[in-house]
Amino acid sequence: MQYSILGSSNEKVSRVCLGSMTWGIQNTQQDANQQIEYALDAGINFIDTAEMYPVPPAEPTYGGTETIIGNWIAANPQRRKEFLLATKIAGSGFSYLRNGSGISGETVIQAVDASLKRLQTDYIDLYQLHWPNRTTPHFGKHWPGQISFSKTETADEKQEMLEILQALELCVKAGKIRHCGLSDDTPWGINTYLQLSEKHSLPKMVSIQNEFSLLHSKDWPYLIENCAREEVAYLPWSPLAGGALSGKYLNDQRPKGSRWSFSQRQGLFRNTAMSQQAIARYVELAAAHNMTPSQLALVWCDQVEGVTSTIIGATTMPQLKENIDAFTMSLSEQAKADINLALKEFAVPF
């Protein structure tokens, strides 16, 4: 297993991060236990979760994934030091969660305490803001005209961000969290947090996780260079585009128990005619270069300059093994050239 530095934190994290959002709906406690133990034995030392998991989110299952991880930690307390545990505070949108409120200094403190209780641990290694209070160009909202920057005042946004940082500092000083990070944010969000941290001597955001894959490479190069220059780890989530790059959803297939067989909060926004053409091309390229489609997508993601650790997820042990094995592979120059041609043809397929 290869390792990278997590931004400015000096923590070494594996190039593979074990995602967990299926644990609690698609996966049981026993499934999760097997995945965690296999991942740790493979050298993975980075596990990511969130208070809103499992997905799709719902009031009866809220916090379920953290509870599953907490049960494993309680049964294996001696292994807690083997990995960095990351979780996230949810923003607005759920009436059953803090009355649907956005992220604030007050809700950060509430959410950290609740996550610690569910996770049955004394500390969280990386505490992330799952999405900003303002609307950002993620989840298919990256086309012109889909969001408005003028709906909120910049000064108000900065004041909210300052209060969040101040609350995070309290949690750091109390030993509840070690590092802070972002998710589903933009260069402006990254840089504003960094500026506020420097100005007010507050904790620095050490990472950001955004969607990044062969179907959604819009963060390259602008946001990723920003991360590299400012020592912010870049953590791609959904490197298989919600499982689509495995090829299993081609021709409108919906395998029983797969993610797309469940109702999705954001809808199947990745499922377009152009995406289907792109996926079919990558499936062909994978066969030509002796990899599975999932491995081609993961190897490509891992070799992108600026990527720190790629967040993977699996619902079965064979899938998990296949995905982890991808990080022992490399792309030939011909494979890179073939992929680049496809990327140019299908630059923004959804």
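Residues numbered from 1 in each chain as written. Predicted model: local features only at pLDDT ≥ 70, side-chain atom pairs only at ≥ 80, totals over all residues. Heavy atoms only, no water.

1. Focus on the sheet that holds strand 6 (residues 124–129)
Okay, so step 1: Spatial ordering of the open sheet is given by 9-8-7-6-5-4-3-10, a layout of 8 strands whose pairing is parallel. Strands with a single pairing partner mark the edges of an open sheet, and in this sheet they are strand 9 (233–237) and strand 10 (310–312). Strand-to-strand twist across the sheet, computed as the mean angle between neighbouring axes with direction ignored, equals 30°. (Pairing = 2+ DSSP bridges. Helix = DSSP H or I, 4+ residues; strand = E, 2+ residues; numbered from the N terminus. Axes fitted to C-alpha atoms, helices over the stretch in contact; angles between N-to-C directions.)

2. Quick word on helix 7 (residues 273–288)
Okay, so step 1: Its 16 residues place the ends of helix 7 23 Å apart at the C-alpha level, agreeing with the 22 Å of an ideal helix rising 1.5 Å per residue.
Okay, so step 2: Among all positions of helix 7, only S275, Q276, A278, I279, Y282, L285 and A286 are buried.
Okay, so step 3: Buried residues along helix 7 sit in contact with helix 8 (293–303) and helix 10 (333–345).
Okay, so step 4: One or two steps after helix 7, the chain reaches N290, where phi turns positive at roughly 60°. (Expected span 1.5 Å × (residues − 1). Buried < 20%, exposed > 50% of the residue type's maximum accessible area, 1.4 Å probe, protein only. Contact = heavy atoms within 4.5 Å.)

3. Structural notes on the pairing of strand 7 (residues 177–183)
Okay, so step 1: Burial analysis of strand 7 places 6 of its 7 residues in the buried class, which makes it a mostly covered element.
Okay, so step 2: Bridge count for strand 6 against strand 7 is 5 bridges, and the pairing is parallel. Note on strand 7: the bridge partner recorded for L126 is H179.
Okay, so step 3: Read from strand 6 through helix 4 (residues 154–173) to strand 7, the crossover connection turns out right-handed.
Okay, so step 4: Of the strand pairs in this sheet, strand 7 and strand 8 (residues 205–211) are connected by 4 bridges, and their pairing is parallel. Within strand 8, the residue paired with G181 across the bridge is S207. (Right-handed = clockwise from strand over helix to strand, strands pointing away.)

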